2 protein chains.
Amino acid sequence: MPNQVLDKRQAARVNIGESLGMKGSRKVVNITRLRQACRTCSLVELCLPMGLTSDDIQQLESIVKVKGPLEKGAHLFREGDSFQAIFAVRTGALKTYSLDADGREHVLGFHLPGELLGFDAIYPRYNRCSAMALADTSVCVLPFNQLADLAQKVSGLQATILRLMSKNLSISANLATDHTAEERLAGFLLSIAQRTGEGSELRLVMPRRDIASYLRLATETVSRLLARFQQEELLEVHRKRVRLIDLDGLRDLGGSFEIADRTRQRSGYQ
Amino acid sequence: MPNQVLDKRQAARVNIGESLGMKGSRKVVNITRLRQACRTCSLVELCLPMGLTSDDIQQLESIVKVKGPLEKGAHLFREGDSFQAIFAVRTGALKTYSLDADGREHVLGFHLPGELLGFDAIYPRYNRCSAMALADTSVCVLPFNQLADLAQKVSGLQATILRLMSKNLSISANLATDHTAEERLAGFLLSIAQRTGEGSELRLVMPRRDIASYLRLATETVSRLLARFQQEELLEVHRKRVRLIDLDGLRDLGGSFEIADRTRQRSGYQ
DNA sequence: CCATGAAGTTGATCCATGTCAACACCAATA
DNA sequence: TATTGGTGTTGACATGGATCAACTTCATGG
């Protein structure tokens, strides 16, 4: 079973290990880990897309482990945990969030297959947010110390990490800037469409509450806006299913949160 | 004149080169550049604070150049410029901003002495924002390719860069989360106080308009809130001069944008 | 020293979005 | 199939902060 070829659909069916963390349990999930075969993984060009040679990737492989599946609602890590690793999502999806002084949850980002998370914990050396699975999810684990050591040797890897972190900076800066509710939601939908690569038919893994929290809106506002977008024939919604009809119309609204790059690439975070 | 000892006050008086870019001019400023003596610069522990040996710093010195002074209102770089270097502020201050589709300015960050800027341009390979001097300003230039090559050799430098970028991630994520006007302004004031190290007497280099834009508020709201804070005896304001009186009171409001670190450190961005 | 314009303040009003409340829908389970 | 609880939708109302407008203060140059 190790070193097998995995594409998104296959991986979704992989079921290693026994039952895992339960919803909301504080218990840290202990899971069977496999060596990962990055060379044959269909996600490499997503998670570490920037010009690694197959030799570089082989070296990377030696430090990467697979972890999962994580049940929907289980935590990958918690706010305050000491920082150990960067994670790459293989299947499923995660949200990262933190709790404010009043105990209210603020969603900081969504992490879809091929995307990395955990970079914000490097500096303070502990996780500044929690990460919870939005569906059954498996991830690759990249132990940070080993990753950093490897990046010291493999210049392509160092460059890749710097670019990914830089990209994440742009994404949060963009979200931080001032936009109306309409603009943020349109931008969000476009970004999800772009990241899932599903074209215009998309499935929102996360509940309205999380979308709202991420976009700093009330769930009711998200609901109403989706209804309005539908009425204006920009899209069709039914619960988690969304079909984007008028992409240009949405782009006009949202300016889209996409980040133009002068090289051709795809991947992301949040 | 090169390799002189510079502390903040001395450096502020250094006046190399002739007249520079005029307010708002599109022309790129061409300025005399000096080699920088990082070893004797009082800002090293601010701009690159994380455990570099004096040998590491000497290597760094070989690629760093000083640029300035930049007149108030002059640009260090413009949105769309190709990415060449990371900058460290020596004296003065900068704001980074971008223009939206309607030509309105959005301030993305303020950059005070000892802080670095430019990391967000690594990924897309061009500047995603413009940087303008808020006062007469001089900076150190760290050519990125050389910096990356050096980080490949000097592991302490790679680690430092990763941590700084990670920290910036946390900062923008924090700003992106939902806060009331009151919370954001209180947090902002505390962050400025912390970063300037001036204690409770601080001088806001940036005009109200820029503070408002950064915090996604109207200038009138900033004005009114400052008036209210003063009335509630949290602080005293007179134009650009602010004296923080009740730090704890402000922290209660703002939660402060500070980022706790498990090592002892100071420095930042934005 | 005054004139001028930019920066900041203050007041009156408006509106986008939040909040509260009731209801509808769907998925899971018995 | 009926029950139930979570998730999503819709309506009525409240409000924080934006907008518009008038005025004050300060810095600057003639």
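Student: Honestly, the relation of the copies chain A and chain B in this entry has me stumped. Any pointers?
Tutor: Two copies of the chain are present, and they differ by a rotation about an axis and a shift along that axis. Overlaying chain A on chain B yields an RMSD of 0.0 Å, the required transformation being a rotation through 180° with an accompanying axial translation of 0.0 Å. Both copies of the chain, as the preceding transformation shows, are related through a two-fold rotation axis. Across chain A, the rotation axis passes nearest the C-alpha of Ala176(A), at a separation of 2.1 Å. Comparing interface residues between copies, 100% of those in chain A also sit at the interface in chain B, which points to an isologous, same-surface contact.

Student: What exactly am I supposed to notice about the pattern of salt bridges here?
Tutor: Oppositely charged side chains are able to pair whenever their charged atoms sit close together. Residue and element names in this part refer to chain A. Applying the stated criterion to the full structure yields 21 salt bridges over all chains. Among the ionic pairs, Asp 210 bridges to Lys 95, the shortest N-O distance being 3.1 Å. Residue Asp 210 is found in helix H7 (residues 208-215), and its partner Lys 95 is found in strand E5 (residues 94-99); the two are separated by 115 residues along the sequence. The burial state of Asp 210 is the same as that of Lys 95; both residues are buried.

Student: For this particular structure, what's the right way to read the protein's contact with DNA strand C?
Tutor: Lining the immediate environment of DNA strand C, one finds 19 residues, of which Thr221(A), Arg224(A), Arg208(B), Ser223(B) and Arg224(B) sit closest. For DNA strand C, the backbone portion of the atoms within 4 Å of the protein, that is sugar and phosphate, comes to 64%. With respect to DNA strand C, the side chain of Arg208(B) contributes an N or O atom lying 2.9 Å from a phosphate oxygen. Ser223(B) is positioned with one of its side-chain polar atoms (N or O) 2.5 Å from a phosphate oxygen of DNA strand C. The leading source of residues in the surface near DNA strand C is helix H8 (residues 219-231) of chain B, at four residues. For the surface near DNA strand C, the per-class residue count stands at five nonpolar, four polar and ten charged.

So, how was this worked out
Residues numbered from 1 in each chain as written. Chains lettered and ligands numbered in written order. Predicted model: local features only at pLDDT ≥ 70, side-chain atom pairs only at ≥ 80, totals over all residues. Heavy atoms only, no water. Least-squares fit on C-alpha atoms with pLDDT ≥ 70 in both. Contact = heavy atoms within 4.5 Å. Salt bridge = Lys/Arg side-chain N within 4 Å of Asp/Glu carboxyl O. Helix = DSSP H or I, 4+ residues; strand = E, 2+ residues; numbered from the N terminus. Buried < 20%, exposed > 50% of the residue type's maximum accessible area, 1.4 Å probe, protein only. Near = heavy atom within 4 Å. Polar contact = N/O pair within 3.5 Å; in protein donor to acceptor, adjacent residues only side chain to side chain. Nonpolar A, V, L, I, M, F, W, Y, C, P; charged D, E, K, R; others polar.

Keep in mind these values describe shape, not function.
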